[in-house]
Amino acid sequence: MKPLVINLSLFKAGWLAAVFAAAATMPAIGTAAIALVVAVHLFRAERWRSEALLMIAAAVIGAVWESLLVQTGTLSYTTGMIVDAAAPYWIVAMWVLFATTLNIGMRWLRKSWLVAAIAGAVGGPLSFVAGQKAGAVVFADPVGSLVIISIGWAILLPLLVQIADTLERRDPGGSYG
């Protein structure tokens, strides 16, 4: 099977597991599913060190961004908070999961910063709407929250793409698959 199909299929499976497990107040199950996807990804990657660094960067960026959204009251999560006013652990894990796609399934985002920004501005909010419909996240003001999420993802996705590209250039040789 092609690495692209495997990568995006595993991502989607992890995403669904995390969102529906969080909505069912069992976020540890979804996080375990993400851990499995991440393990498979790292096992398959020849550049596993740069992939691991990318995942750490995504976790830090995601934890800060999601905590900011919670602290400002833009949104709230229904489960998985270890510390009040901080991002739940399962959503940080989802940022790590998303990082697994940046060098394979979402590699096309490297074509331009504008493409990545538009993809983030559209895809980020759509993902949150799906999570809200599943019951994993609550918007304080649906329109306002989605505008803020859109702006954030329009900035953060190009940043993550740049980090992925930089880490890959520093770790030449090897491939994904």
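Residues numbered from 1 in each chain as written. Predicted model: local features only at pLDDT ≥ 70, side-chain atom pairs only at ≥ 80, totals over all residues. Heavy atoms only, no water.

Q: Honestly, the nonpolar core in this entry has me stumped. Any pointers?
A: It is characteristic of soluble globular proteins that their nonpolar side chains tend to be buried jointly. Core analysis: the biggest nonpolar cluster contains 44 residues, and L75, Y77, W90, M94, L102 and W153 have the highest contact counts within it. For this core, the element with the most residues is helix α4 (residues 89-99), which contributes ten residues. Excluding residues that lie within four positions of it along the chain, W90 makes contacts with A18, A22, P27, T31, I34, Y77, T79, G80 and A136. (Core = buried A, V, L, I, M, F, W, Y, C linked by side-chain atoms within 4.5 Å. Buried < 20%, exposed > 50% of the residue type's maximum accessible area, 1.4 Å probe, protein only. Helix = DSSP H or I, 4+ residues; strand = E, 2+ residues; numbered from the N terminus. Contact = heavy atoms within 4.5 Å.)

Q: Could you clarify how one ought to interpret the layout of surface pockets in this entry?
A: If a probe as big as a water molecule is rolled over the atoms, it shows which places are left empty. Taken as a whole, the largest pocket holds about 520 Å³ of empty space. In this structure, the largest pocket is lined by 27 residues; those nearest its centre are F11, W15, G123, G124 and S127. Contributions of two or more residues to the lining of the largest pocket are made by α1 (3-23), α4, α5 (113-134) and α6 (142-170). The greatest single-element share of the lining of the largest pocket, amounting to nine residues, is contributed by α5. (1 Å grid on protein atoms, 1.4 Å probe; cavity = no way out; pocket = protein on both sides within 12 Å on 5 of 7 lines; lining within 4 Å. Points joined across faces, edges and corners; volume = space filled by probe spheres on them.)

Q: Got a minute to help me understand the pattern of salt bridges in this structure?
A: A side chain of one charge can pair with a side chain of the opposite charge when the charged atoms of the two come close. This structure, assessed with the given rule, holds five salt bridges. A salt bridge links E168 to R110; the nearest nitrogen and oxygen atoms lie 3.2 Å apart. Taken together, the positions of E168 in helix α6 and R110 in the loop between α4 and α5 put the pair 58 residues apart, joining distant regions of the chain. When its relative accessible area of 22% is taken as the criterion, R110 is described as partly exposed. (Salt bridge = Lys/Arg side-chain N within 4 Å of Asp/Glu carboxyl O.)

Q: Before we go on, may I ask you to explain the packing of aromatic side chains in this structure?
A: Given two aromatic rings, one states the distance between the centres and the angle between the planes to describe the pair. Enumeration over the complete set of coordinates arrives at four aromatic pairs. Judged by centre distance (6.1 Å) and plane angle (65°), the rings of F11 and F98 are edge-to-face. Of this pair, F11 sits in helix α1 while F98 sits in helix α4, and the two are 87 residues apart along the sequence. This pair shows no difference in class: F11 is buried, exactly as F98 is. Relative to W153, the ring of W95 has its centre 4.7 Å away and its plane inclined at 25°; by these criteria the two rings are stacked. With a gap of 58 residues between them, W95 in helix α4 and W153 in helix α6 connect regions that are remote in the sequence. For the pair shown, W95 and W153 are each scored as buried. Among the aromatic residues, ring-to-ring pairing joins F11, W95, F98 and W153 into one connected group. For the cation-ring pair, K12 lies above W15, with the distance from its terminal atom to the ring centre recorded as 5.1 Å. (Phe/Tyr/Trp six-rings, centres within 6.5 Å; stacked < 30°, edge-to-face > 60°. Lys NZ or Arg CZ within 6 Å of the ring centre and 35° of its normal.)

Q: Whenever I open this one, a nonpolar patch on the surface confuses me. Can you help?
A: A contiguous nonpolar patch, built from M1, L4, V5 and L8 and spanning about 390 Å² of accessible area, is present on the exposed surface. Residue position: L4 is located in helix α1. Residue class for L4 comes out partly exposed when judged on its relative accessible area of 42%. (Patch = residues over 30% accessible without salt bridge, like charges linked within 9 Å, V, L, I, M, F, W, Y side chains within 5 Å. Areas by Shrake-Rupley, 256 points an atom, 1.4 Å probe, with all protein chains shown as cover.)

Q: Whenever I open this one, the confidence of the model for the protein chain confuses me. Can you help?
A: Detailed reading of predicted coordinates is not advised where the pLDDT is low. This prediction gives the protein chain a mean pLDDT of 95; 97% of its residues lie at or above 70. Ranking the helices and strands of the protein chain by mean pLDDT puts α4 first, with 98, and strand β1 (residues 75-77) last, with 95. (pLDDT = per-residue confidence, 0-100.)

Q: Which parts of the structure should I look at to understand the environment of V96?
A: Looking at the secondary structure, you find V96 in helix α4. Taking the C-alpha atoms as reference points, V96 and I56, separated by 40 residues in sequence, lie 7.1 Å from one another. Apart from the residues lying within four places of it in its own chain, the contact partners of V96 are V38, M55 and A59.

Q: Can you walk me through the packing of α5 against α6 in this structure?
A: Packed helices, taken two at a time, are described by the angle their axes make and the gap between the axes. The interhelical angle for the contact between α5 and α6, taken along N-to-C directions, is 130°, at an axis separation of 7 Å. Considered as vectors, α5 and α6 are oriented oblique to each other. Crossing geometry of α5 relative to α6 is assigned as right-handed. Where α5 abuts α6, its residues W113, A116, A117, A119, G120, A121, G124, P125, F128 and V129 lie against L146, I149, S150, W153, A154, L157, P158, L159, V161 and Q162. Its residues placed into classes, the contact of α5 with α6 shows 16 nonpolar, four polar and no charged. (Axes fitted to C-alpha atoms, helices over the stretch in contact; angles between N-to-C directions. Parallel < 35°, antiparallel > 145°, perpendicular 65-115°, else oblique. Left-handed = near helix turned anticlockwise from the far one by under 90°. Nonpolar A, V, L, I, M, F, W, Y, C, P; charged D, E, K, R; others polar.)

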